[in-house]
Amino acid sequence: MRPSFDEMQANQDTVREHYRSYQRWLSQQPPDVMRSRREEAEMIFRRVGITFAVYGAKDEDGSGTERLIPFDLIPRVIPAHEWQEMERGLRQRVTALNRFIHDVYHDQEIIKAGIVPADQIFKNAQFRPEMMGVDVPAGVYSHIAGIDIVRAANPDGSGTYYVLEDNLRVPSGVSYMLENRKMMMRLFPDLFSEHRVAPVAHYPDLLLETLRAVAPAAVNDPTVVLLTPGMYNSAYFEHAFLAQQMGVELVEGQDLFVRDNFVYMRTTQGPKRVDVIYRRLDDDFLDPLAFRPDSTLGCAGLLSVYRAGNVTLSNAIGTGVADDKSIYPYVPKMIEFYLGERPILKNVPTYQCREADDLHYVLDHLSELVVKEVHGAGGYGMLVGPASTKDEIADFRKALEANPGGYIAQPTLSLSTCPTFVESGIAPRHIDLRPFVLSGKTVQMVPGGLTRVALKEGSLVVNSSQGGGTKDTWVLEA
Amino acid sequence: MLSRTADHLFWMARYMERAENTARMLDVNYQTALLPQSADAAEKGWKGLLSISELTGDFAKRYGSVSARTVMDYMVSDAANPSSIRSCLMAARENARAVRGTLTTEVWETQNQTWLEFQRMVATGAFQRDPGAAFEWVKFRSHLSRGVTVGTMLQDEAFHFLRIGSFLERADNTARLLDVKFHAVENEYFGAVQAQSQGNAKDVEYDFYHWSAILRSVSGFEVYRKAYRNVIRPEKVAELLILRPDMPRSLAACMNEVVANLRMVANEQSSETLRRAGRLRADLQYGRIDEILATGLHAYLTQFLERVGTLGLGISRDFLVPVEA
């Protein structure tokens, strides 16, 4: 019997302290009321157009498919003391990661100190030699970071938070955090008068403040824009939402052009200079002259303006070197190296298949481990040992043996569950948490983050592209 | 404001207005078809409707014979017809979605809801069951869209480009309606005026329904009575729909709005476009219906449509897709 940890139930008869009043309320709700609330939520999400596009899928009339991300009515509740600890840990971790990226593109002290092997950095496809020696405002590279955290059950029945993954390039999902809260307040206003739930609605304000703080030094009143790949991108709703909430222009590559080493946007009143670009576009697509020449999403000449310090890109180019799964195992050591502190948040113990001993162990224990492609994302390219068939394991073994350096492995964590409203009623489902950490002149975040939930019974995959849903996340105030 | 944003706003408003006017014309034809009339006249009505939108050829190729059913299908729910109500509502919604951050939540939700609801109405057969109610619904969604825009949007550039789109499209649509209704059937109905002097009561009655149908299609029947307190006469109908600045769907009223909003967004390169718009408006302001009729209504409206088209191109060049760098 694998250990399990439920966020609400300490055991069958005991509800955890911080869930008590919610659970009392929930037990008084007739199931049909909850059902009709859920339908109401779905209708509102559709009317508001809170959808994501599914790549490749088409409706019968040929237009792109827009889907709702399933929203679960039962919140994930985090007690104040747990959040305080987590917040300190996030602050520490993101600060160290930013120091690491700066170091990689400058003096590379961490390599000289023998902590991170040089080839782990230079052979990484996300390493951008174009960034060597480039100074960015405040020395901050990842202004918006999404850190994926899970709670895993220990054999004694307690739970421990682990960082599963750092997302330092273009993390998404924050709009769902905000919309889920709005939805909960609309559906269940009485709940919020009974619980002291820390507010999150000021996130766009903090984001704008962060973006303005990292504008090129010479600019007094910076013009900030949000660069989107366009309305057919899966996260377009979020791009439009954040631009609107911040009151900044939502631009596409075709709206921008470079002249005399500055970036301008085409407006109805002529060209207007742009100082900060919150880009929701991967490095590869930013500038066809520097990266992928076939990209029509970016702006030709952008990199040279950026290197000259005449525009800020947020996040910076080349942050991917630090959120790769092959770098992940080194983060605790980074924290000690740059900050001289003990890491507050734990890493999941990780086997690096590039190491002979680790590989040996992993090959012997495939059926117990989760093996991940170093560059994979979105829950693709991974093997969940305990949930896989013999054939799947055999296939994966071949791939792993052919390219050990491309994989890491971790013990199968028993992710915590949270009561979730599913077809058969209320049942436990596995969840994770993505808090969003903003780094400008200071490090800031709103309490909580996006809780994703694997709606399929027993599933550990929370990604929306693979049947995941979301929940509102409540951090209770002390 | 971004040029691309202005472009989306302009077209969002145009498509919504076009959906409304298509619904208006379909509605009038549908109502008229309920009157006792020859099959020939009914068919002429549906043909006229296709020719207003310059779709006669495309329709013939895809559907063949003209009937109430086929034209309605083609103009309401045909995804392959770029002027169908479906295509217009979808285009309006897609344009809105591209700039949803520029719109107020209410404006966006109105556009989105209209599109979702429309799809539902087509799928459930509501349009076929009661076309009259469905056309009425399209009109009201358009009213709502404009009302929500005026009621919630900051009166900045975004607002002005929306208004320019609405009124330029309306000017175009009203002119087309007039042209087809007067020109295509000119002989027959002006013939009826002569018949009146010969005391042919049947024709006079028929005439009344024809002109009142035109007025109804632009919500102008009661307006006409109020403005003229007289029997319905073709030249007065033309005057009302072309020259009366207080009639909200007249060419004069539309051009007043276009000019006023264009002035608010003027930039360094737009002076020629503003001059053209101002001149077109002045022609309407100082025009007289007897002169227009004397030179020929069809020629006049053809020229008007050309000038509106040129104006649209100018707006596009000066504001929406500027060439630079």
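Parameters at a glance
Residues numbered from 1 in each chain as written. Chains lettered and ligands numbered in written order. Predicted model: local features only at pLDDT ≥ 70, side-chain atom pairs only at ≥ 80, totals over all residues. Helix = DSSP H or I, 4+ residues; strand = E, 2+ residues; numbered from the N terminus. Rg over C-alpha atoms; globule rule 2.2 N^0.38 Å. Buried ≥ 20, exposed ≤ 12 C-beta atoms within 10 Å, placed from the backbone. Contact = placed C-beta atoms within 7 Å. Core = buried A, V, L, I, M, F, W, Y, C linked by C-beta atoms within 7 Å. Nonpolar A, V, L, I, M, F, W, Y, C, P; charged D, E, K, R; others polar. Expected span 1.5 Å × (residues − 1). Pairing = 2+ DSSP bridges. pLDDT = per-residue confidence, 0-100. Axes fitted to C-alpha atoms, helices over the stretch in contact; angles between N-to-C directions. Parallel < 35°, antiparallel > 145°, perpendicular 65-115°, else oblique. Left-handed = near helix turned anticlockwise from the far one by under 90°.

Student: Just checking my understanding: could you explain the overall build of chain B for this structure?
Tutor: Of regular secondary structure, chain B possesses 17 helices and zero strands. By the compact-globule yardstick of 20 Å for 325 residues, chain B fits well, its C-alpha radius of gyration being 20 Å. Each principal axis of the C-alpha distribution contributes one length, and for chain B these read about 65 × 50 × 35 Å. Put simply, chain B has 325 residues, and 46% of those count as buried. When contacts within chain B are restricted to residue pairs at least 6 apart in sequence, those whose partners lie at least 24 apart make up 69%.

Student: So what exactly am I meant to see when it comes to the overall build of chain A here?
Tutor: Each helix and strand in chain A was counted, giving 13 helices and 23 strands. Dimensions of chain A, computed from C-alpha atoms along their principal axes, come out at roughly 70 × 55 × 50 Å. A total of 478 residues make up chain A; the buried ones form 45% of that total. Sequence-distant contacts, at least 24 apart, represent 69% of the contacts inside chain A between residues at least 6 apart.

Student: Help me out: how do you make sense of the nonpolar core in this one?
Tutor: The tendency in soluble globular proteins is for nonpolar side chains to be buried as a group. Val225, Leu226 and Val263 of chain A together with Leu9, Ala19 and Leu251 of chain B are the most contacted members of the largest nonpolar core, which totals 197 residues. Ranked by residues supplied to this core, first place goes to helix 1 (residues 3-32) of chain B with 13 residues. Discounting chain neighbours no more than four positions away, the residues touching Val225 of chain A are Val248, Glu249, Val251, Met265, Val274 and Ile277 of chain A. Judged by nonpolar contacts, the second largest core, of twelve residues, contains Val362, Leu369, Val371 and Leu400 of chain A.

Student: What is the right way to read the interface of chain A and chain B from this model?
Tutor: A common measure of how large an interface is: the accessible area buried when the components associate. Chain A puts 24 residues into the contact, and the matching count from chain B is 23 residues. Those elements giving two or more residues to the side of chain A that touches chain B turn out to be helix 2 (31-48), helix 9 (236-246), strand 7 (249-251), strand 8 (256-259), strand 9 (262-267) and strand 10 (270-273) of chain A. In terms of residue class, the side of chain A that touches chain B is built from nine nonpolar, seven polar and eight charged.

Student: How should the environment of Ala198 of chain A be read in this particular structure?
Tutor: Residue and element names in this part refer to chain A. Along the chain, Ala198 falls in the loop between helix 7 (189-194) and helix 8 (203-213). Note on Ala198: 16 C-beta atoms within 10 Å, which makes it partly exposed. Note: C-alpha distance between Ala198 and Asp283 (85 residues apart in sequence) is 35 Å. Those residues within four positions of Ala198 in sequence are excluded, and the remaining contacts are Pro447, Gly448, Val475 and Glu477.

Student: Explain helix 1 of chain B here, please?
Tutor: Compared with the 44 Å implied by 1.5 Å per residue over 30 residues, the 43 Å span of helix 1 of chain B between its first and last C-alpha is a close match. The buried fraction of helix 1 of chain B amounts to 27 of the 30 residues, a majority that puts the element mostly inside the structure.

Student: Could you clarify how one ought to interpret the pairing of strand 9 of chain A in this entry?
Tutor: Side chains on a regular strand alternate between the two faces of the sheet. Residue and element names in this part refer to chain A. Buried residues dominate strand 9, accounting for five of its six residues. Examined bridge by bridge, strand 8 and strand 9 share four bridges and lie antiparallel to one another. Within strand 9, the residue paired with Leu256 across the bridge is Met265. Counting the residues between successive antiparallel strands, the hairpin from strand 8 to strand 9 contains two residues, one of them, Asp260, with a positive phi of roughly 50°. Two elements, strand 9 and strand 10, share four bridges in a ladder whose sense is antiparallel. If you follow Arg266 over to strand 10, its bridge partner there is Pro271.

Student: How should I be thinking about the confidence of the model for chain B in this particular structure?
Tutor: Detailed reading of the predicted coordinates is not advisable wherever pLDDT falls low. All names here are of chain B. Looking at chain B, pLDDT values average 88 and 91% of them are 70 or higher. The element-level mean pLDDT for chain B is lowest in helix 10 (residues 186-197), coming to 47, with helix 14 (residues 251-265) highest at 97. Throughout residues 187-196 the model reports pLDDT below 50, and contacts reaching past four residues in sequence, or to other chains, amount to eleven contacts. Across the assembled chains, the prediction reports ipTM 0.77 with pTM 0.86.

Student: Sorry if this is basic, but what is going on with the environment of Asn261 of chain A here?
Tutor: Residues and elements named next belong to chain A. Note that Asn261 resides in the loop between strand 8 and strand 9. Along the primary structure Asn261 and Gly301 are separated by 40 residues, whereas in three dimensions their C-alpha atoms are 8.0 Å apart. Ignoring sequence-local partners within four residues, the contact set of Asn261 consists of Ser304, Val305, Ala308 and Asn310.

Student: What should I look at first to understand the sheet that holds strand 12 (residues 312-314) of chain A in this one?
Tutor: Remark on secondary structure: sheet strands pair via backbone hydrogen bonds, oriented parallel or antiparallel. Residue and element names in this part refer to chain A. As summarised here, the arrangement of the four strands in space is 7-6-11-12, forming an open sheet in which the pairing is parallel. The open sheet terminates on both sides in strands that have one partner only, identified here as strand 7 and strand 12. Averaged over all pairs of adjacent strands, the angle between strand axes in this sheet comes to 30°, irrespective of strand direction. Against the sheet, helix 9 makes contact with strand 6 (224-227) and strand 7, and its axis sits at roughly 150° relative to strand 7, the strand it touches most.

Student: Could you clarify how one ought to interpret unusual backbone geometry in this entry?
Tutor: For residues other than glycine, phi is negative in most cases, and the peptide bonds are mostly trans. With omega at 0°, the peptide bond leading from Ser314 of chain A into Asn315 of chain A counts as cis. Inspection of the secondary structure assignment puts Asn315 of chain A in the loop between strand 12 and helix 11 (331-339). One non-glycine residue, Glu54 of chain B, lies in positive phi territory at about 55°. If you check the backbone angles, Ser219 of chain B has positive phi at about 50° while not being a glycine. Locating Ser219 of chain B in the fold gives a position in the loop between helix 11 (201-217) and helix 12 (221-228). Classification of Ser219 of chain B by C-beta neighbours within 10 Å gives partly exposed; the count is 13.

Student: Any chance you could explain the packing of helix 8 of chain A against helix 9 of chain A here in plain terms?
Tutor: The axes of two packed helices give the description: the angle between them and the distance between them. Residue and element names in this part refer to chain A. For the pair helix 8 and helix 9, interaxial distance at closest approach is 9 Å and the crossing angle is 80°. Taken as axis vectors, helix 8 and helix 9 run roughly perpendicular relative to one another. In this structure, helix 8 contributes Pro204, Leu207 and Leu208 to the contact, and helix 9 contributes Leu242, Gln245 and Met246. Class assignment of the residues belonging to the contact of helix 8 with helix 9 gives a composition of five nonpolar, one polar and no charged.

Student: What is the right way to read the pairing of strand 5 (residues 159-167) of chain A from this model?
Tutor: All names here are of chain A. In the sheet, strand 4 (residues 144-153) pairs with strand 5 via eight bridges, with the strands oriented antiparallel. Across the sheet, residue Ala153 finds its bridge partner in strand 5, namely Gly159. As consecutive antiparallel partners, strand 4 and strand 5 are separated by five residues, and within that stretch Gly157 has a phi angle of approximately 95°, a positive value. Where strand 5 and strand 13 (residues 346-347) come together, two bridges link them in parallel fashion. Across the sheet, the residue bridging to Tyr162 is Lys346, located in strand 13.

Student: When you look at the sheet that holds strand 8 of chain A in this model, what are you seeing that I'm missing?
Tutor: Residue and element names in this part refer to chain A. Read from one edge of the open sheet, three strands run 8-9-10, paired in antiparallel fashion. Strands with a single pairing partner mark the edges of an open sheet, and in this sheet they are strand 8 and strand 10. Recorded for the sheet is a direction-independent mean angle of 45° between the axes of neighbouring strands.

Student: Looking at this structure, how should I read the packing of helix 15 (residues 271-285) of chain B against helix 17 (residues 297-320) of chain B?
Tutor: Residues and elements named next belong to chain B. Following both chains from N to C, one finds helix 15 and helix 17 inclined at 155°, their axes separated by 9 Å at the closest point. In terms of axis orientation, helix 15 runs roughly antiparallel to helix 17. Regarding helix 15 and helix 17, the two cross each other, and that crossing is left-handed. Residues Glu272, Thr273, Arg276, Ala277 and Leu280 of helix 15 touch helix 17, and the partners they reach there are Arg307, Thr310, Leu311, Gly314, Ile315 and Asp318.

Student: Looking at this model, I keep getting lost on helix 6 (residues 105-123) of chain B. Mind explaining?
Tutor: At 3.6 residues per turn, the α-helix brings residues three or four places apart onto the same side. Residues and elements named next belong to chain B. Spanning 19 residues, helix 6 covers 27 Å between terminal C-alpha atoms, matching the ideal 27 Å at 1.5 Å per step. Every buried residue belonging to helix 6 is among Val107, Trp108, Thr110, Gln111, Thr114, Trp115, Phe118 and Met121, and all of these are buried. Contacts from the buried residues of helix 6 go to helix 5 (85-98), helix 7 (126-129) and helix 8 (131-152). After helix 6 finishes, the residue Gly125 shows a positive phi value of roughly 80°.

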